[in-house]
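The chain contents come next:
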Amino acid sequence: MKIVYTPRLPEGAKARVVEQFPELEFVALSTNAPELMAELETADVIAGGVPVEALAACKQLRWLQLGSAGAEAVLGKIPETVRLTNASGVFDLTMAEHALALILALTRGVDQMVEAKATSTWNSRAGRGEVFGKTLTVVGFGKIGTAVAERAKCFGMRVIGVRRRVAEKPACADELIGIDDLDAVLPRTDHLLFVLPGGPHTRHVLDARRLKLLPPHAMVYNIGRGNAIDEAALADAILDARLGGAGLDVFESEPLPAASPLWGLPNVIISPHTAGRTSNYPARFFEIFFDNLQRFQAGEPLRNEVDRYWGY
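S.K.: Break down the packing of helix H3 (residues 92-108) against helix H4 (residues 110-118) for me, with residues and values.
M.R.: Pairs of packed helices are described in terms of their axes, by the angle between the two and the distance that separates them. One way to put it is that H3 packs onto H4 with a least axis distance of 5 Å and a crossing angle of 65°. Contacts between H3 and H4 involve Ala 105, Leu 106 and Arg 108 from the first element and Val 110, Asp 111 and Met 113 from the second. Taken together, the residues of the contact of H3 with H4 sort by class into four nonpolar, no polar and two charged.

Shown next, in the form of structure tokens:
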């Protein structure tokens, strides 16, 4: 069995490969390597990311372990017979920290302080808010959303989790509701965070109508996929002072076009799809992959198998 992988192996992983999987062929490639297409033609397993257009060359692929949590880019690009798993669990800690960084930065006016520093301006009016006692509604209450909630509770926030399927409420949530009940909680939401996957099911969950349900001081955040928010409606709401601001890591079009009004709006923090970036990625990714590889060899169920209808 031939395995093509793209992330670099972390410290000690090569020895683990030799010890645990001596009979398997491991081929390391960068995604722009000239020999990529030739290697993919004979790959049984791919671990990590490859250009979507290169998937057509995978003539004998049996399993694709994505390097991302989202799977929408490859859906429809590989046969149904190919097993498909994602990297859910790799990004929880990093993305939760990033979400809290955006929430705290906007609440404490860090964005205003950075702007004031650039012009040597002493702005003592920035940073008068606090998150204690405020309500955070997390839309997309999976592993990442739960990790955000656990940290938000440490700051004394009230947390409402929103899921497609309502399950048992975890201790980190004060309420757990279905997506169909989102409208009812928006008027009492101070901070609204989206951690949704991409795809047609999540397009413009936050639209102009729902934006009007939020109180004018509310802040909106997105670290999932850019299609969840109607960006034009969001920009209008901030410009008209019908919304307090936004912290955005993902966008409908990336890189965010220079012509986007979001760049010039006050109380908007933009990060370039980096919420999941971490130096710990290789170690966490391969921990999941090696476990799944053992399961794959044994014919057992795989972790993080993607539901192709929902895309995660």
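S.K.: Tell me about the sheet that holds strand E6 (residues 135-139), and name the residues and values.
M.R.: Pairing is parallel in the open sheet, where seven strands are placed in the order E8-E7-E6-E9-E10-E11-E12. Across the chains shown, the open sheet's two edge strands, defined by having one partner strand only, are strand E8 (175-178) and strand E12 (268-270). Across the sheet, the axes of successive neighbouring strands diverge by a mean angle of 15°, strand direction being ignored. Across four bridges, the pairing between strand E7 (residues 158-163) and E8 is parallel. Note that in E8 the partner of Ile 160 across the bridge is Glu 175. Its contacts with the sheet put helix H8 (residues 231-239) on strand E10 (219-222), strand E11 (245-248) and E12, and the angle it makes with E11 is roughly 140°.

S.K.: Go over the packing of helix H1 (residues 13-20) against helix H9 (residues 281-298), please, and point to the residues and values.
M.R.: In the contact formed by H1 and H9, the axes pass within 12 Å of each other and the chain directions differ by 5°. Relative to H9, H1 is oriented roughly parallel. Along the contact surface, H1 presents Ala 13, Arg 16, Val 17 and Gln 20, while H9 presents Glu 287, Phe 290 and Gln 294. Classifying every residue of the contact of H1 with H9 gives three nonpolar, two polar and two charged.

Rules used in this analysis
- Residues numbered from 1 in each chain as written.
- Predicted model: local features only at pLDDT ≥ 70, side-chain atom pairs only at ≥ 80, totals over all residues.
- Heavy atoms only, no water.
- Axes fitted to C-alpha atoms, helices over the stretch in contact; angles between N-to-C directions.
- Helix = DSSP H or I, 4+ residues; strand = E, 2+ residues; numbered from the N terminus.
- Contact = heavy atoms within 4.5 Å.
- Nonpolar A, V, L, I, M, F, W, Y, C, P; charged D, E, K, R; others polar.
- Pairing = 2+ DSSP bridges.
- Parallel < 35°, antiparallel > 145°, perpendicular 65-115°, else oblique.

Keep in mind these values describe shape, not function.
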